[in-house]
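These are the residues of each chain, in order.
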Amino acid sequence: MSEAQRPRSVRIRPARTSDVRAIRALVEPLARERVLVSKDAVAYYEGLQQFLVAEADGGVLAGCGALHVLWDDLAEVRTLAVAPTFLGQGVGGALLESLVTAASELGVRRLFCLTFETDFFARHGFHPIDGAPVTPEVYAELLRSYDEGVAEFLELDRVKPNTLGNTRMLREL
C-alpha cells in the first residue's frame, strides 16, 4: 500500500519492547471474544521482531500485526488487530499490506491466515483453503515445531479443543 493510501494520521513501523503492553491491551478483548488467541506477555516479547504496529498521532497504538515464517515459501499473518476507534479507516489494510511486503522481501511466496474476517482478507487477495497447504515432507518437518500456531496450522489433535473455528485462507505472492 502506498503512503498516499494509508490513513494520514497512522504510521506503520516495527514494534518495540515499549509497545508490548499496548499490543496486549489491544488483543486481550479480542481474545476474550475468541477472535484472537490469548498469549502470555513473554510470548509477545519473544516474537516482537515479527510485529508491525500502526502508530497514530500522539503515539497511540492504532493496530498491530505479525508475520510468522513457517517454511521457506510460507508464512502466517498473525495477531492482526485494529483498535475500535480506528476501525474502518484503512489501518488493518495498511498493516496487512505492510506484512505482505515484509513477507515478499523475505522470499516468502505464500501467506496463510486463520480468520473470521474472510471478507477483509478476500479483499486483499486471500482465498479459503482446506487443510495445510504443504507437502507431506514439509508437514513432517513442521511437526517438530513447538509453536502452538504451527500446531493449529497443521490441525493437530492437541490444539483442536483450543481452535477458534475460523477459516483457513491463503494468498499467493
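Residues numbered from 1 in each chain as written. Predicted model: local features only at pLDDT ≥ 70, side-chain atom pairs only at ≥ 80, totals over all residues. Heavy atoms only, no water.

1. Concerning the overall build of the protein chain
Consideration 1: In terms of regular secondary structure, the protein chain is built from 6 helices and 7 strands.
Consideration 2: Going from N to C terminus, the protein chain has its helices and strands arranged as β-α-α-β-β-β-α-β-α-β-α-α-β.
Consideration 3: In the protein chain, 66% of the contacts between residues at least 6 apart in sequence involve partners at least 24 apart.
Consideration 4: Of the accessible surface of the protein chain, which amounts to about 9300 Å², a share of 51% is contributed by carbon and sulfur atoms. (Helix = DSSP H or I, 4+ residues; strand = E, 2+ residues; numbered from the N terminus. Contact = heavy atoms within 4.5 Å. Areas by Shrake-Rupley, 256 points an atom, 1.4 Å probe, with all protein chains shown as cover.)

2. So, helix 3 (residues 91-106)
Consideration 1: Between its first and last C-alpha, helix 3 extends 23 Å over 16 residues, near the 22 Å set by a 1.5 Å rise per residue.
Consideration 2: Those residues of helix 3 that fall on the buried side of the exposure criterion are Val91, Gly92, Gly93, Ala94, Leu95, Leu96, Glu97, Ser98, Leu99, Val100 and Ala103. (Expected span 1.5 Å × (residues − 1). Buried < 20%, exposed > 50% of the residue type's maximum accessible area, 1.4 Å probe, protein only.)

3. Considerations on the pattern of salt bridges
Two side chains bearing opposite charge may form a pair once their charged atoms approach each other closely.
Consideration 1: Scanning all chains against the criterion turns up 7 salt bridges.
Consideration 2: Where Glu55 meets Arg11, a salt bridge forms, and the shortest distance between an N and an O atom there is 3.0 Å. Here Glu55, found in strand 2 (residues 51-56), pairs with Arg11, found in strand 1 (residues 10-14); they are 44 residues apart in sequence, far enough to count as distant.
Consideration 3: Connected via shared salt-bridge partners are Arg11, Arg13, Asp19 and Glu55. (Salt bridge = Lys/Arg side-chain N within 4 Å of Asp/Glu carboxyl O.)

4. Details of the environment of Pro84
Consideration 1: Summarising the element assignment, Pro84 is placed in the loop between strand 4 (74-82) and helix 3.
Consideration 2: For the pair formed by Pro84 and Leu26, sequence separation is 58 residues and the distance between their alpha carbons is 8.9 Å.

5. As for the pairing of strand 7 (residues 167-172)
Consideration 1: Relative to strand 7, strand 5 (residues 110-115) runs antiparallel, the two sharing 6 bridges. For Arg110, the partnering residue across the bridge sits in strand 7 and is Glu172.
Consideration 2: Two elements, strand 6 (residues 127-128) and strand 7, share 2 bridges in a ladder whose sense is antiparallel. Within strand 7, the residue paired with Pro128 across the bridge is Met169. (Pairing = 2+ DSSP bridges.)

6. Describing the nonpolar core
Consideration 1: Residues Ile23, Val77 and Phe121 are the most contacted members of the largest nonpolar core, which totals 41 residues.
Consideration 2: Mapped by element, the contributors of at least two residues to this core are strand 1, helix 1 (20-32), strand 2, strand 3 (61-71), strand 4, helix 3, strand 5 and helix 4 (118-123).
Consideration 3: Of the residues forming this core, the biggest block, 7 residues, is contributed by helix 3.
Consideration 4: Counting residues in hydrophobic clusters, the runner-up holds 6 residues, among them Leu70, Leu114, Ile129 and Leu170. (Core = buried A, V, L, I, M, F, W, Y, C linked by side-chain atoms within 4.5 Å.)

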